[in-house]
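Each chain, written out:
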Amino acid sequence: MPTFTALTTLPDEDRATALGEALEDLEPEPVGVGVFELEDGSALWEVGAYFVEAPDDIALALLAAAHGAAPFAISELPDIDWVAHVRRELKPVEAGRFFVYGSHDADKLPEGRIGLLIEAAMAFGTGHHGTTLGCLKALDRLAEAGFQGRNVIDVGCGTAVLAMAAARIWPDPVLASDIDEVAVEVAEANVQANALQGRVECLEAMGFEHPAIKARAPFDLVFANILKGPLIALAPDMGRYTAPGGYAILSGLLVTQAEDVLAAYVAQGFTLHHREDIGEWSILTLTRA
């Protein structure tokens, strides 16, 4: 079955969101619509739709013009088993003591390493992306230095790989939250696949806005592997819900964005403990005064 994509960009989140909503009413109807901030420092938002039959190019042109977007680029994707393709391409990832792998590589888990099973078909956060890899390495460094997390949360958890990593090395239960319902379902599936039921609790929440999260605060370790804008917006709550002497591991930001994010957190009483840049991505480990 052929798959078609229609992609455009525009420099405004509200208009991008409105365009995404308008795409839902097209005929033929798209099977999926996404609105994302581009992570290249351009301040542009990408709006994309996926179709199983050729979309109406005239209707797309009219929608783009009406919302002030660039003309849609329409493409037909090759008929490929993408999950099988990704499984072939994605190799296990090693990050300190952690070994992130798919079920097709279960026989490659080295002795003495902590295995984290994440299927290639799952949401963002397989461990191959520089931000997830960097967060796992930051966690490994803290643990190696003797830190023990007793109250840990992974905000914007995606696959919950970071929450599961913390639950593998420390005995206390870990919280994993995400604003997206599908991400929470993926996280719960991964928790079960890794036999961590009762050790990682997955919640649908925006930031720290959930009764179960507030009841557990303050946290001695917070992961937030999201994007620059949400990270800066989260800074006041991060300062409020991170315990004095606790740590925050932040990523999802470009190297060129790191100083802006750091400044927002310094204003909330954090200091830089460690910074690592992996490719174009930056990973900040901060400590709360």
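Residues numbered from 1 in each chain as written. Predicted model: local features only at pLDDT ≥ 70, side-chain atom pairs only at ≥ 80, totals over all residues. Heavy atoms only, no water.

A.B. asks: Describe the sheet that holds strand S12 (residues 242-254), listing the residues and the values that go with them.
C.D. replies: Read from one edge of the open sheet, seven strands run S10-S9-S8-S11-S12-S14-S13, paired in mixed fashion. Every other strand in the sheet has two partners, leaving strand S10 (200-204) and strand S13 (270-278) as the edge strands with one partner each. Between one strand axis and the next, the sheet turns by 15 degrees as a mean value, whatever way the strands run. Judged from the six bridges that link them, strand S11 (residues 219-225) and S12 form a sheet pairing that is parallel. Considered in S12, the bridge of Phe219 is made with Thr242. Where helix H8 (residues 228-241) meets the sheet, its contacts fall on strand S8 (152-155), S11, S12, S13 and strand S14 (281-288), and the angle it forms with S12 comes to roughly 175 degrees. (Pairing = 2+ DSSP bridges. Helix = DSSP H or I, 4+ residues; strand = E, 2+ residues; numbered from the N terminus. Axes fitted to C-alpha atoms, helices over the stretch in contact; angles between N-to-C directions. Contact = heavy atoms within 4.5 Å.)

A.B. asks: Go over the side chain of Ser282 with me, naming the residues and quoting the values.
C.D. replies: Along the chain, the position of Ser282 falls in strand S14. Among the polar contacts listed, one links the side chain of Ser282 to the side chain of Asp277, at a separation of 2.9 Å. Not counting chain neighbours up to four residues away, the residues in contact with Ser282 comprise Leu250, Ser251, Leu253, Leu254, Val255, Ala258, Arg275, Glu276 and Asp277. (Polar contact = N/O pair within 3.5 Å; in protein donor to acceptor, adjacent residues only side chain to side chain.)

A.B. asks: Any chance you could break down helix H4 (residues 130-144) for me, citing the residues and the numbers?
C.D. replies: Between its first and last C-alpha atoms H4 spans 21 Å; for 15 residues at 1.5 Å apiece the expected length is 21 Å, and the two agree. Judged by how many residues are buried, H4 sits mostly within the fold: 12 of 15 residues are covered. Taken from the residues just after H4, Gly146 is the one with a positive phi, measuring 105 degrees. (Expected span 1.5 Å × (residues − 1). Buried < 20%, exposed > 50% of the residue type's maximum accessible area, 1.4 Å probe, protein only.)

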